[in-house]
Amino acid sequence: MRRLLLPLLFLCALFLARQGVCSEVTISNLSLGTPNTGSGDVPITFDISWTHSWRSSGAPDNWDAAWVFVKYRVGSGEWSHAKLNEAGHSVPSNAAITLGLADTSSAFNISTNPGVGAFVYPRNTSTGSFTASGVSLSWNYWANGVAITDNVEVKVIAVEMAYVPQAPFYAGDNNTSTGALRQGSSDTDPWYVGGEAPLQVQSTTGNGSGSGQSEPLYYNPLVDDGDAAGAVFTIPEVYPKGFAPYYVMKSHITQGQWVEFFNTLTATQKSARDITVAKGDSLTYRNNVSWTSGNATLPDQGSGATYEHVGMSYLSWADVAAYLDWAGLRPMSELEFEKTARGPLSVVAGEYAWGGASGTQATTISSGGSGTERAQSGANVSYGDHAGVQGPLRVGSFGYGVSTREASGAGYYGVMDLSGSLWDRVVTVANSSGRSFNGARHGDGILDASGDANVTSWPASSGSGAGFKGGAWNDAALSARVSDRSSAAVIFADRESGFGGRGARAALGESIPASTPTPTRTATPTETPTVTATATSTVTPTATSSQTPTRTPTSTPTVTSTPTSTVTFTPTATPTITPTSSPTTTPTATRTATNTPTLTPSATPTVTPTPTPAIQSLPLTETFEGPGVVNQWVYNTSPYTAFAAQYASAPAPLVGSYSARVESAGTGRPNGYTSFVPSSTVYVRFRFNSQRVSSGNNVFMTLRDSSDTILCSVGLRNATNVFRASPIGGSTVDAATAPTTGTTYYGWVEYEAGSGGNAICRVGLTTTASRPTWPASGASGMLAVSNNGTSTASVGRLFLGRVEQVINYDVIMDDIEIRSVPF
């Protein structure tokens, strides 16, 4: 027996004694439950809490959430991303949880499309601090290739995000901002985004009339690296347009989060992601990250000023993409950026993230670098390279002590720092590289060997397809406007002091509030309000949004903990299965930038707990994929490999539909297990064809109890292909007739626990999907029956494979169904 070491890394530990400081998310009381050696999973349990939480019952109809994921390492090896099961997670009654897949457009598969994290968020309408005690995530350690005897270190990481509900919106601000999206070369109406269907962009003058919701879309030119004015193209359905629900980080990646990420990388990956090559190891423009070898640090600059909550700068596109891949997130599109800031409200010409056309520049910083850092009272935006603010601010700091969206500088849905401080990196609609972005493809937690993101549908490391939105601390005020696109397609691969980033995720399965606002149009103001770079006082906007959230959240991301205890990973029984190895990744070549921007920015960038379904799927890694699909599991090597999956506890009936192909040459043992709710009676139906056996007793299906004792086995016997039924403790019975090779048959297996020491195993073959009429005993035609077994045990596992040496074995099966009631 070995121990799982569980470090709880409180990054804010230096500030715990001070009021209102510390990171917004805290993970505590981390522990492991008892590993299930029959299914290869273990519960990871913890408490989670954060301040400035909310769930609204009216506009803006959203909530905040913590995106939670798990990293682990075996011994002193490299850190890896934990694969989470589809079911088996739980939260207390005041919370909700939604699993996040790497690819939200595909079904869960523990090997190819596992859970990479989960959202935890308030279930009920609320504001203020939120705590969920006893949150439990089900980790499939087998799928990660972890053995019960391994010494494993685990940590849980959380990032604050805000939910953006489904709703139509406008992109563009009546042609006030540079490159703002509009509906014609002569029509300044903004784009109307009313769905996720493909958007057809045309070359049109527009007429400036109508509601704006049915007029053609026109492409307005950019300064650099975008298509020409009036370009004709299609924005495909997979590109995230902002209409469908999604989550977005409340604020930029912080320096504390970056160091947490960086310190889990290999030495080679660290060299690729080392931002100190651009800024040095000293405190530079408020970036405090230091690294030469080993782990990066945030040195104390005095009085606990480590800058861990300050936005992370000097991030190239490749850096941002790597962090998002590692965290199981994805980039945000430029349309999602406008939706996040503006929401479903009417357009205000020249507006900033808070819905007004003017704001108050940050000019001084108090408690610099600490958890209580903030700008002077009344400030709500950082821009203009002011001498008193030479670098990004503490994320979300404008929201402390204020109660309105404008005062906090927040977007409609409570997302912070969308205007100023650091550029947000977004995926553009302005060129084909950006338009090929698939919003369903999220990070899998794994980088390639060189340290780059490995998601092929994202813009390359050169930055082609990615751009900048939102402005930065050292750029002009006008670049911070919501619809400004002067740099939205700029291809720029370098690191600069104003470049940051944040991530997003597609939302699936959340409980969406009842009301969804519908945009309304307003007349274009006759004058265009502006913000000057020298402004230092609050200016009342000449135009304001028609709706303001009553509560403005702030955000400060965060992460894990310091060792408080160790937990013994004690198996209940020695497993008989060898876990599969973790998938490897192929490095993605780094592309170099081809253009230099005209504008050089200096900066960056559930739900209800999952119910147990009545019909359940059984993903044995890539083995099973549904009715009619074959050749999904091919085995022709030795020694044997093992596959595992688990059914969550559920009432009968248990039903699954899967496909498998098993091939063998030599003396290996291909096999697959699944565990399900033990039952005294189990019924199995499967369809198969193309079977052959040269020698030996080729058993390819076995029902076993939870301790792995065989209760009933079914096999193709010798070269005759005769079906054989063998109940434990009873006589082996063969079917009288062999099936014809290449013909489709349905196999039927039933096991009933013994009554009075008498277990029954029934095996049958039919050429239709109709259940055969079972004789009381003996064999009849294609049927084999045995009822003199002695076992009274309930079935706990289904085994696919063989138990004896066989050569030249090929069986194709699909439509496998398991029930606890008769067909």
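To be clear, the structure that these remarks concern was listed above.
J.: So what about the state of the cysteines? Which residues, and what values?
T.: Per the stated rule, a full pass over the model turns up 1 disulfide. Linked covalently through their sulfurs, Cys-712 and Cys-761 form a disulfide whose S-S length is 2.1 Å. Of this pair, Cys-712 sits in strand β27 (residues 710–717) while Cys-761 sits in strand β31 (residues 759–766), and the two are 49 residues apart along the sequence. Each member of the pair, Cys-712 as well as Cys-761, is classed as buried.

J.: Explain the pairing of strand β20 (residues 466–469) to me, and be specific about the residues and the numbers.
T.: In regular strands, side chains alternate between the two faces of the sheet. Judged by which residues are buried, β20 turns out to be covered on both faces: Ala-466 and Phe-468 on one side and Gly-467 and Lys-469 on the other are all buried. Relative to β20, strand β19 (residues 424–427) runs antiparallel, the two sharing 4 bridges. Each residue of the ladder has a partner; that of Arg-425, found in β20, is Phe-468.

J.: Before we move on, can you summarise unusual backbone geometry with the specific residues and values?
T.: Put simply, Ala-59 and Pro-60 share a cis peptide bond, and its omega is 10 degrees. By the secondary structure assignment, Pro-60 is in the loop between β3 (41–55) and β4 (64–74). One non-glycine residue, Tyr-285, lies in positive phi territory at about 45 degrees. Note on placement: Tyr-285 falls in the loop between α3 (276–279) and α4 (317–327). Accessibility expressed as a relative area gives 42% for Tyr-285, which makes it partly exposed. Phi at Ser-303 takes a positive value of approximately 60 degrees, unusual for a residue other than glycine. Relative to the helices and strands, Ser-303 resides in the loop between α3 and α4.

J.: Provide a residue-level description of the nonpolar core, including the pertinent values.
T.: Tyr-247, Trp-258, Phe-261, Tyr-323 and Leu-335 are the most contacted members of the largest nonpolar core, which has 66 residues in total. When sequence neighbours within four positions are dropped, the list of residues in contact with Leu-335 reads Phe-169, Ala-171, Leu-181, Trp-191, Leu-199, Tyr-239, Pro-240, Lys-241 and Val-429. Counting 38 residues, the second-largest nonpolar core is a separate cluster that includes Val-120, Trp-142, Ile-148 and Val-152.

J.: Outline the sheet that holds β3, listing residues and values.
T.: The sheet built from 3 strands is open, its strands ordered β2-β3-β8 with antiparallel pairing. The open sheet terminates on both sides in strands that have one partner only, identified here as β2 (25–32) and β8 (126–140). Neighbouring strand axes in the sheet, compared pairwise and without regard to direction, differ in orientation by 15 degrees on average. Sheet topology note: the β2/β3 ladder contains 6 bridges and is antiparallel. Each residue of the ladder has a partner; that of Ile-27, found in β3, is Ile-48.

Definitions and limits used
Residues numbered from 1 in each chain as written. Predicted model: local features only at pLDDT ≥ 70, side-chain atom pairs only at ≥ 80, totals over all residues. Heavy atoms only, no water. Disulfide = S-S within 2.5 Å. Helix = DSSP H or I, 4+ residues; strand = E, 2+ residues; numbered from the N terminus. Buried < 20%, exposed > 50% of the residue type's maximum accessible area, 1.4 Å probe, protein only. Pairing = 2+ DSSP bridges. Core = buried A, V, L, I, M, F, W, Y, C linked by side-chain atoms within 4.5 Å. Contact = heavy atoms within 4.5 Å. Axes fitted to C-alpha atoms, helices over the stretch in contact; angles between N-to-C directions.

Treat this as a map of the structure, not an account of what it does.
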